[in-house]
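# Report on the structure
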Amino acid sequence: MTIERVLAVCRSNWEYRGIDEASVREMLDELTAHLEDAAAAGRSPQDVVGDDVPAFAASWARARVPLSRRLVRMAAMVSFTAGVLLLLSHLTRWTLGVGVTPGRLAFWLGIAVVTVALELRRGSLGLGKGWLVGLVVGVPAALATERLLGDEPLFLVPLWATLLLALPGLAYAHAERRASRDT
Amino acid sequence: MTMELPGAGDQRRSQLLRGVLDLCLLSLIAERPRYGYEFVEALTESGLALVSEGSIYPLLARMERAGLVASYRAPSSSGGAPRKYYRLTEAGRAELAHGRAVWREFATQAGRILADTIDTTEPDTPTEPTGGTT
């Protein structure tokens, strides 16, 4: 495993585990320096992080930030992602209420689960592989769910709820940007 | 006959080191502030190589959260990008003093039990029964 791959896996793990941006940057800097020093001394990335990189990243994340703080950030980020996706639906359909069908729900949930599982093991997928996951996982999940459950909306999300969903994530992003400017 | 598992000695060393790694790190910082890689170098020079070098980082993070160490960024003595250095706090100094006392007491007690007072290198030789059946 290369240094770049180790850093990519660690970054994904820390981001998904609710570590704030400034801390992720600091941990990556520290790990990069160590991996480069070890490489100069003839040691491999595995000598530094072991064979199970996600386990190493997870143990560092747990030690660095308490679970309660990470959970709050994770919830804000999930809510923000849902808010952004819904906002796009509001804009593309130019409507104040978006109906969420079982197929649409299965599409996004399928993509989210597979993307998170892959990125925790291998680091960021990037745009190309992200589209591939959408095509291979999201579309079949949506089609199968619609065939089974129909395409009647399960519930309607008004625009104000969409904005409310995005709000905690925006607040976090703003606070973190300010914190990184101050440091 | 007892068979030692392959690498069982290394495993025991690794387990023992894991139990006192925090104290070793505190003791190394007490000498002078250090950054991550310097801990590994110092441990290796002392003959205490870690199975996975990176295991010091979760430990350092935990000690930082507990207020035993504090960190700051400074240029590396070997050049290159600035490193994150760890220094000892007052709480860390107290923890180190306490940990050293516990270790000394433990090492004395364990040493007393493990002292090689009985020669275990020669296997017991069963005595042949005298007399017997014809």
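### Quick word on the environment of Leu59(B)
All names here are of chain B.
- Following the sequence through the fold, Leu59 ends up in helix H3 (residues 56-65).
- Sequence spacing of Leu59 and Val40 is 19 residues, and the spatial spacing of their C-alpha atoms is 13 Å.
- Look past the residues within four positions of Leu59 in its chain and what remains in contact with it is Leu21, Asp22 and Leu25.

### Focus on the layout of surface pockets
Residue and element names in this part refer to chain A.
- Computed from the structure, the largest pocket encloses a volume of approximately 1,500 Å³.
- Lining the largest pocket are 37 residues, with Met77, Val78, Thr81, Ala82 and Ala112 positioned closest to its centre.
- Broken down by secondary-structure element, the contributors of at least two residues to the lining of the largest pocket are helix H1 (3-16), helix H5 (67-93), strand S1 (97-100), helix H6 (102-122), strand S2 (155-158) and helix H8 (159-182).
- Looking at the lining of the largest pocket element by element, the count peaks at 12 residues for H5.
- Along the lines of polarity and charge, the residues of the lining of the largest pocket split into 22 nonpolar, 8 polar and 7 charged.
- Two domains share the lining of the largest pocket, each providing at least three of its residues, namely domain 1 (3-65) and domain 2 (71-182).

### As for helix H4 (residues 90-114) of chain B
- The terminal C-alpha atoms of H4(B) lie 35 Å apart, and with 25 residues this matches the ideal 36 Å at 1.5 Å per residue to within 8%.
- Along H4(B), the positions that sit buried rather than exposed are Gly92(B), Leu96(B) and Gly99(B).

### Describing the pattern of salt bridges
- This model, assessed by the stated rule, comprises 10 salt bridges over all chains.
- Residues Glu15(A) and Arg11(A) are paired through a salt bridge, measuring 3.2 Å at the closest nitrogen-oxygen approach. Of this pair, Glu15(A) and Arg11(A) both sit in helix H1, 4 residues apart, roughly one helical turn.
- Judged by relative accessible area, which is 40%, Glu15(A) ranks as partly exposed.
- Glu90(B) is the partner of Arg93(B) in a salt bridge, and the nearest nitrogen-oxygen pair spans 3.8 Å. Residue Arg93(B) and its partner Glu90(B) are located together in helix H4, separated by 3 residues, close to a single helical turn.
- With relative accessibility at 62%, the residue Glu90(B) sits in the exposed group.

### Side note on the domain arrangement of chain A
All names here are of chain A.
- Taken domain by domain, chain A holds domain 1 (3-65) and domain 2 (71-182).
- For domain 1 versus domain 2, the separation of C-alpha centres amounts to 27 Å.
- Domain 1 puts 15 residues into the contact, and the matching count from domain 2 is 12 residues.
- For the pair domain 1 and domain 2, the interface holds 0 salt bridges.
- Across the domain 1-domain 2 interface, the total number found is 5 residue pairs in polar contact (both at pLDDT 80 or more).
- Among the elements of the structure, H1 and helix H2 (21-40) are those that each provide at least two residues to the side of domain 1 that touches domain 2.
- It is H1 that contributes the most residues to the side of domain 1 that touches domain 2, 7 residues altogether.
- Taken together, the residues of the side of domain 1 that touches domain 2 sort by class into 5 nonpolar, 3 polar and 7 charged.

Definitions and limits used
Residues numbered from 1 in each chain as written. Chains lettered and ligands numbered in written order. Predicted model: local features only at pLDDT ≥ 70, side-chain atom pairs only at ≥ 80, totals over all residues. Heavy atoms only, no water. Helix = DSSP H or I, 4+ residues; strand = E, 2+ residues; numbered from the N terminus. Contact = heavy atoms within 4.5 Å. 1 Å grid on protein atoms, 1.4 Å probe; cavity = no way out; pocket = protein on both sides within 12 Å on 5 of 7 lines; lining within 4 Å. Points joined across faces, edges and corners; volume = space filled by probe spheres on them. Nonpolar A, V, L, I, M, F, W, Y, C, P; charged D, E, K, R; others polar. Domains from an automatic or database assignment. Expected span 1.5 Å × (residues − 1). Buried < 20%, exposed > 50% of the residue type's maximum accessible area, 1.4 Å probe, protein only. Salt bridge = Lys/Arg side-chain N within 4 Å of Asp/Glu carboxyl O. Polar contact = N/O pair within 3.5 Å; in protein donor to acceptor, adjacent residues only side chain to side chain.

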